[in-house]
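A structural walkthrough
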Amino acid sequence: GSNMNPAARLRSQQLSWRVHILPFIGYQSLFAQFRLEEPWDSPHNSQLLSMMPDCFRAADDSVESHSTRILTFTGPGTLWPEPGESLTMQVPDGASNTIAFFRADAESAVPWTRPEDFELDLTSPNWRDQLSPLTRESGRPVAMLDGAIRRLRPEIKLESLRALITPDRSELVKPRDAFSE
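Presented here is a report on the structure given in the accompanying data block.

Let us look at the sheet that holds strand E2 (residues 70–71). If you trace the 5 strands from one edge of the open sheet to the other, you get E2-E4-E7-E8-E9, paired in antiparallel fashion. Each of the sheet's edge strands pairs with one partner strand only, and the pair in question is E2 and strand E9 (179–180). In this structure, strand E8 (residues 149–152) lies alongside E9, joined through 2 bridges in antiparallel fashion. Opposite Leu 152, over in E9, you have Phe 179 as the bridge partner.

Printed below as a string of structure tokens:
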């Protein structure tokens, strides 16, 4: 439940969403090798770290790397406010207006099977400070919930970026203000 401490909540979510989507992106046989009841770093599941699909690797990442920069947003105000809990995906703002996942900076990379992503608190007074590092990379790629891959405008306003991360605040963002074509 929600009263668990963050470490316990993280442990209750054994494997990353990246593992759970494997059957849907052509990696059914890899998915079948995971022990879903064990944590990502169990002796058995650790052996599968080296089998990271290329789709979780950025072009400039080493092919030997087991870490990914493909992350989603977690924490209050995001699609995943409570790690470790399965949610009914209700997105009043619309799938084409909500970021599913994005390519983070190298220092935010995590082992691809680990249930860890980019943690934010968009309800906190300092949400702007939490988002501003995401505007450093020019044309950062993002995947929208409808499957579209877009690039954030280098000069995107933090309010617009927040609107694209929150699923249910009814903020309207004009595509030309958010994305470079």
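Additional details are given in the paragraphs that follow.
Right, let's talk about the pattern of salt bridges for a bit. Applying the stated criterion across every chain, the model contains 14 salt bridges. Put simply, Asp 117 and Arg 18 hold a salt bridge, and the shortest N to O gap is 3.0 Å. Here the residue Asp 117 occupies a position in the loop between strand E5 (110–111) and strand E6 (118–119), and Arg 18 occupies one in helix H2 (residues 17–20), the gap between them amounting to 99 residues. Taking the relative accessible area as the measure of exposure, Arg 18 reaches 0% and is therefore buried. Asp 105 is paired through a salt bridge with Arg 140; the nearest N and O atoms lie 2.9 Å apart. Taken together, the positions of Asp 105 in the loop between strand E4 (99–103) and E5 and Arg 140 in the loop between helix H5 (127–131) and strand E7 (141–144) put the pair 35 residues apart, joining distant regions of the chain. Here Asp 105 falls in the buried class, since its relative accessible area comes to 14%. Residue Arg 140 is classed as buried on the basis of its relative accessible area of 1%. The structure contains a network of salt bridges with shared partners spanning Arg 103, Asp 105, Glu 107, Arg 136, Glu 137 and Arg 140.

Scanning all chains against the criterion turns up 6 aromatic pairs. For the ring pair Phe 56 and Trp 112, a centre distance of 5.8 Å and an interplane angle of 25° mean the geometry is stacked. With Phe 56 in the loop between helix H4 (43–46) and strand E1 (67–68) and Trp 112 in the loop between E5 and E6, the pair connects residues that are 56 residues apart, well separated along the chain. In terms of burial, Phe 56 and Trp 112 fall into one category: buried.

So, about the side chain of Thr 98. Mapped onto the fold, Thr 98 is located in the loop between strand E3 (73–74) and E4. A polar side-chain atom of Thr 98 sits 3.0 Å from the main-chain carbonyl oxygen of Gly 94. Residue contacts for Thr 98: discarding those within four places in its chain leaves Leu 79, Val 91, Asp 93, Ala 143, Met 144, Leu 145, Leu 164, Ile 165, Thr 166 and Pro 167.

Looking now at helix H6 (residues 158–165). Among the 8 residues that make up H6, 7 are buried, leaving the element largely enclosed by the rest of the structure. Of all the positions in H6, only Leu 158, Ser 160, Leu 161, Arg 162, Ala 163, Leu 164 and Ile 165 are classed as buried.

Checked against the element boundaries, Arg 151 lands in strand E8. As for Arg 151 and Pro 141, which are separated by 10 residues in sequence, their C-alpha atoms are 4.4 Å apart. Excluding anything up to four places from it in sequence, Arg 151 contacts Gly 139, Arg 140, Pro 141, Ala 178, Phe 179 and Ser 180. Looking at Arg 151, its side chain comes within polar contact range of the main-chain oxygen of Gly 139, at 2.7 Å.

How each quantity is defined
- Residues numbered from 1 in each chain as written.
- Predicted model: local features only at pLDDT ≥ 70, side-chain atom pairs only at ≥ 80, totals over all residues.
- Heavy atoms only, no water.
- Pairing = 2+ DSSP bridges.
- Helix = DSSP H or I, 4+ residues; strand = E, 2+ residues; numbered from the N terminus.
- Salt bridge = Lys/Arg side-chain N within 4 Å of Asp/Glu carboxyl O.
- Buried < 20%, exposed > 50% of the residue type's maximum accessible area, 1.4 Å probe, protein only.
- Phe/Tyr/Trp six-rings, centres within 6.5 Å; stacked < 30°, edge-to-face > 60°.
- Polar contact = N/O pair within 3.5 Å; in protein donor to acceptor, adjacent residues only side chain to side chain.
- Contact = heavy atoms within 4.5 Å.

By themselves, these observations are geometric and do not establish any function.
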